[in-house]
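Each chain, written out:
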Amino acid sequence: MSAPLLQVEDLSVHFTVGRGRAKQTVRAVDGVDLTLGAGETLGLVGESGCGKTTTGLAILRLVEPTAGRVTFDGTDVRGLSTRDLRRWRRRAAMIFQDPYASLDPRLPVGESIGEALDIHDLHQGTQARRARIGELLERCGLHPRVAGRYPHEFSGGQRQRIGIARALACEPDFIVCDEPIAALDVSIQAQVMNLLGELQSDLGLAYLFIAHDLAAVQHICDRIAVMYLGRVVEEAERLELYRSAQHPYTRALLSAIPIPDPVRERKRERIRLVGDVPSPIDPPSGCRFRTRCPEVFDACERIDPALQAVAGPDHTAACLLHGEVGTEVAH
Amino acid sequence: MSDEVVLSVRDLEVSFGTKRGRAEVVRGIDYDLRRGETLAIVGESGSGKSVSTLALTKLIPIPPGRVTGTAHLGGELELIAMTEQELSRVRGQRIGFVFQDPMTSLNPVHTIGRQLTEGMRHHLGLSERDARDRAVDLLEKVGIPSPEQRLDDFPHQFSGGMRQRVVIAIGLSCDPEVLVADEATTALDVTTQAQITDLVAELQEELGMAVIWITHDLGVVAGIADRVLVMYAGEVVEAASAEALFARPRHPYTIGLQASLPVLGDVERHDLAAIPGLPPAPTALPQGCGFYPRCSYRDDERCATERPPLTQVAEGHWVRSFYEVPAEEAARAAAANRIVIEPPDARDEGVA
Ligand SMILES: Nc1ncnc2c1ncn2[C@@H]1O[C@H](COP(=O)(O)OP(=O)(O)O)[C@@H](O)[C@H]1O
Ligand SMILES: Nc1ncnc2c1ncn2[C@@H]1O[C@H](COP(=O)(O)OP(=O)(O)O)[C@@H](O)[C@H]1O
Ligand SMILES: [Mg+2]
Ligand SMILES: [Mg+2]
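Residues numbered from 1 in each chain as written. Chains lettered and ligands numbered in written order. Predicted model: local features only at pLDDT ≥ 70, side-chain atom pairs only at ≥ 80, totals over all residues. Heavy atoms only, no water.

A.B. asks: An account of the packing of aromatic side chains is needed here, citing residue identities and associated values.
C.D. replies: Under the definition given, this model contains 10 aromatic pairs over all chains. Consider the rings of A:Tyr249 and A:Phe289, whose centres lie 5.1 Å apart with planes at 65°: the pair is edge-to-face. In this pair, A:Tyr249 is assigned in helix α9 (residues 248-256) and A:Phe289 in the loop between α10 (262-267) and α11 (299-302), connecting sequence segments 40 residues apart. Judged by relative accessible area, A:Tyr249 falls into the buried class, the value being 0%. The exposure class assigned to A:Phe289 is buried, which follows from its relative accessible area of 2%. Members of the aromatic cluster, each reached through a chain of ring pairs, are A:Phe72, A:Trp88 and A:Phe174. If you follow B:Arg150 out to its NZ or CZ, it ends over the ring of B:Phe158, 4.0 Å from the centre. (Phe/Tyr/Trp six-rings, centres within 6.5 Å; stacked < 30°, edge-to-face > 60°. Helix = DSSP H or I, 4+ residues; strand = E, 2+ residues; numbered from the N terminus. Buried < 20%, exposed > 50% of the residue type's maximum accessible area, 1.4 Å probe, protein only. Lys NZ or Arg CZ within 6 Å of the ring centre and 35° of its normal.)

A.B. asks: Residue-level account of the site of ligand 2, with values.
C.D. replies: Residues and elements named next belong to chain B. By nearness alone, every residue bordering ligand 2 is listed as Phe16, Val25, Glu44, Ser45, Gly46, Ser47, Gly48, Lys49, Ser50, Val51, Pro61 and Pro282. Contacts to ligand 2 include serine 47, whose backbone N or O atom sits 3.2 Å from an oxygen atom. Note that an oxygen atom of ligand 2 is positioned 2.9 Å from one of the side-chain N or O atoms of lysine 49. Protein chains shield 66% of the accessible area of ligand 2, which is 570 Å² for the free molecule. Top element by residues in the shell around ligand 2 is helix α1 (residues 49-54). It accounts for three residues. Considered class by class, the residues forming the shell around ligand 2 number five nonpolar, five polar and two charged. (Near = heavy atom within 4 Å. Polar contact = N/O pair within 3.5 Å; in protein donor to acceptor, adjacent residues only side chain to side chain. Areas by Shrake-Rupley, 256 points an atom, 1.4 Å probe, with all protein chains shown as cover. Nonpolar A, V, L, I, M, F, W, Y, C, P; charged D, E, K, R; others polar.)

A.B. asks: Provide a residue-level description of the sheet that holds strand β2 (residues 24-36) of chain A, including the pertinent values.
C.D. replies: All names here are of chain A. If you trace the four strands from one edge of the open sheet to the other, you get β2-β1-β4-β5, paired in antiparallel fashion. With partners counted over all chains shown, the strands left at the sheet margins are β2 and β5 (75-76), one partner each. In this sheet, β2 lies alongside strand β1 (residues 6-17) in antiparallel orientation, the contact comprising 10 bridges. The residue bridging valine 13 from the neighbouring strand is valine 29, located in β2. Contacting β1, β2 and β4 (67-72), helix α1 (residues 52-59) runs over the sheet at an angle of about 115° to β1. (Pairing = 2+ DSSP bridges. Contact = heavy atoms within 4.5 Å. Axes fitted to C-alpha atoms, helices over the stretch in contact; angles between N-to-C directions.)

A.B. asks: Can you tell me about the pattern of salt bridges, naming the residues and giving the values?
C.D. replies: All names here are of chain A. This model, assessed by the stated rule, comprises 40 salt bridges over all chains. Note that arginine 129 is salt-bridged to aspartate 118, the shortest N-O span being 3.0 Å. Here the residue arginine 129 occupies a position in helix α4 (residues 126-139), and aspartate 118 occupies one in helix α3 (residues 109-119), the gap between them amounting to 11 residues. Salt-bridge contacts for arginine 264 lead to aspartate 261; the nearest nitrogen and oxygen are separated by 3.2 Å. Assessed through its relative accessible area of 27%, arginine 264 is described here as partly exposed. Bridged by salt links that share partners, the residues Arg90, Arg132, Glu135 and Glu171 form one connected network. (Salt bridge = Lys/Arg side-chain N within 4 Å of Asp/Glu carboxyl O.)

A.B. asks: Which residues make up a negative patch on the surface, and what values go with them?
C.D. replies: Residue and element names in this part refer to chain B. A contiguous patch of negative charge, built from Asp130, Asp133, Asp137, Glu140 and Glu148, is present on the exposed surface. Among the elements that make up the negative patch, the one with the highest residue count is helix α5 (residues 128-141) (four residues). Structurally, glutamate 140 is set in helix α5. In this structure glutamate 140 comes out as exposed when scored by relative accessible area, which is 52%. (Patch = residues over 30% accessible without salt bridge, like charges linked within 9 Å, V, L, I, M, F, W, Y side chains within 5 Å. Lys, Arg positive; Asp, Glu negative; His and termini not counted. Charge placed at Lys NZ, Arg CZ, Asp CG, Glu CD.)

A.B. asks: Provide a residue-level description of the site of ligand 1, including the pertinent values.
C.D. replies: All names here are of chain A. Inspection of the region around ligand 1 gives Phe15, Val17, Val26, Ala28, Ser48, Gly49, Cys50, Gly51, Lys52, Thr53, Thr54 and Pro280 as its neighbouring residues. Within the contact set of ligand 1, an oxygen atom lies 3.0 Å away from a backbone nitrogen or oxygen of glycine 51. Within the complex, 63% of the 560 Å² of free accessible area of ligand 1 lies under protein. Those elements that place two or more of their residues in the shell around ligand 1 are β1, β2 and α1. It is α1 that provides the largest number of residues to the shell around ligand 1, a total of three residues. For the shell around ligand 1, the residue count by class is six nonpolar, five polar and one charged.

A.B. asks: So what's going on with the confidence of the model for chain B? Which residues, and what values?
C.D. replies: Residue and element names in this part refer to chain B. A residue-level look at chain B finds 95% of positions with pLDDT of 70 or above and a mean pLDDT of 88. The low-confidence segment residues 347-352 (pLDDT under 50) makes 14 contacts with residues lying over four places distant or belonging to another chain. Here the predicted complex scores 0.91 on pTM and 0.87 on ipTM. (pLDDT = per-residue confidence, 0-100.)

A.B. asks: Break down the domain arrangement of chain B for me, citing the residues and quoting the values.
C.D. replies: Residue and element names in this part refer to chain B. Examined at the domain level, chain B breaks down into domain 1 (5-231) and domain 2 (251-263 + 273-348). If you average the C-alpha positions of domain 1 and of domain 2, the two centres end up 28 Å apart. Taken together, the contacts link 15 residues of domain 1 with 14 residues of domain 2. For the domain 1 face of the interface with domain 2, the top three residues by lost area are Arg27, Glu44 and Leu218, together amounting to 50%. Linking domain 1 with domain 2 are five residue pairs in polar contact (both at pLDDT 80 or more), by the criterion used here. For the side of domain 1 that touches domain 2, the elements supplying multiple residues, two or more each, are β2 (21-34) and β9 (227-232). (Domains from an automatic or database assignment. Buried area = accessible area lost by both parts, 1.4 Å probe.)

A.B. asks: Mind laying out the nonpolar core, listing which residues take part and the relevant values?
C.D. replies: All names here are of chain A. Leu137, Ile164, Leu168, Ile175, Leu196, Phe209 and Tyr249 are the most contacted members of the largest nonpolar core, which totals 73 residues. Ranked by residue count, the leading element in this core is helix α6 (residues 186-203), at seven residues. Mapped onto the domain boundaries, this core takes at least three residues apiece from domain 1 (6-91 + 172-328) and domain 2 (101-171). If near-sequence neighbours (up to four positions away) are discounted, tyrosine 249 is found in contact with Gly46, Glu47, Val226, Met227, Tyr228, Val233, Leu273 and Phe289. (Core = buried A, V, L, I, M, F, W, Y, C linked by side-chain atoms within 4.5 Å.)

Right, here's the structure in full:
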């Protein structure tokens, strides 16, 4: 296999909240490893607050990582100077759940896209610039003449198309898609997912696709990583993960997804998880999932599990049921 | 579920005066809700799901809103013609509401104990002591650990899932005949959503109330609904039992919705069958069928010019469409992405 486009090793992002005596550390991302090949899609799923967005932001250095290494196309992104970082950013973009957040409400949408061109000195000159904006809009299924309209004049799905057009402006190889369909109606979600698929096959884009809707992730991704409290707890090819999930958390997540078929849905017995996700300020010792795990046993408190090979090819899980692989917790 | 009808809605219409003219938001809907039944209302955002239930107890601003039609509660009370004062005895007491965002239903500056007991003291005339005891029972029932201690906590001291449980406890506090859950689990994680839908089903079994569950998630509908109303542009376009709606959908919109869902375990990944375009604005509704501009089946010359009536295609199965999609074709189209591999469930062996 050729070198991956993106390699994330032991990435951590800790935030400090409060001050003085009340100062605390939020371990939002706490040792994440991910690998993504060119033109591939990696899904990142998990309950809200588990660190998905922060991971995406840290990969793009939109927040500073506390530790770890992000290698993009062979270059260590953490070591880049401000100037090189800007050049690198051209190759990586992000789209958000609420495209409103990335579009200036006072600017016509064409100008928002134009801004992204200007930052990287692409397609300069009135003519060329306007043509490129039109082309990007059209690429995303909108008519070039909507360039003069303002964000509030569009529906949620159309705004997401504009957000995607803006992300494409810098001609990236890689896009972090953070819950891009979560706020959209079902019939519109399919439109946006199809658009992302089309763009990927035409332009060879790689995606980190963050979502909590596992059905959508499973449809759009090649591989899926499951996060829990700042860690990746399982990673596998999309069908392998579905067919033979090995981590109790992944199994519980899968069993909680409602299936749109009353006959099957009512026959199912869910794996019930009790309680809420613990705080990332003070995560449980050993395995972080142990406080909610239906299969917890004595070693879980003692050993912090590391990802290990399980089941099929390229399938890893961090669970002691598969062997006590990990770090002993100091007493 | 019994045959006793607790809520009977007929010809319900709601419109709003706006700068762009009258917005016809609910255009004549009818349904009967039985004791212990769960009726799901599904449809695109803006299709009138929330307004159609809020209007029952005038929880919309009037004017600019205008409501016509009838809604009989418990066979006796007609709600639409009621005065505000009469309605204040129905709201919260006989019809409870649970909304998407618990923070908008909870007052951040009052303890949840106070918010729970308020309605019971007002509607049921309970003493402070009795209301508090009942509040503890309710919190226990909705699965809040150490309820006695938690009564004196404020909303921000609860997690999102726990707050939604508190709101459900408030919704249930006066033993309503009808509970309206409006996107009550939409903002929650699937794990918490499963806890909440299970909880409501258990309480429903125990207390016998009827539930109107508004959602856009067809998976949730499949799990909990007895009957389903599919709304589009202010109208019911299809009404059926949950089984029939998923196995034999007949309206082009319902078929399109089901076909556009990505489904877990799809071995081959086809493009999703997205419904093209957008729903119409309530101030600029098409002259004919509301779904006409997006419909891939439209085939009858009346589709563009006349509003189709709701017609019965099978026992208890109603469709608003001129064009009858052949049943087999409909089932095939809707199931285009259906499950191919079974998901794990609790009965599978452990991973060890
Ligand atoms: N700037 C910040 N300061 C403090 N805590 C933060 C900050 N950003 C995120 N967090 C916390 O980090 C954790 C992970 O957040 P996030 O990455 O947004 O999760 P997700 O996207 O999976 O929902 C959460 O507990 C969140 O509250
Ligand atoms: N107070 C109001 N004034 C004018 N229009 C309103 C008002 N409240 C709701 N609407 C309109 O009614 C329509 C239906 O809204 P709603 O019932 O909230 O839809 P849903 O719950 O199906 O998403 C929307 O187009 C909305 O803009
Ligand atoms: Mg997030
Ligand atoms: Mg609504």
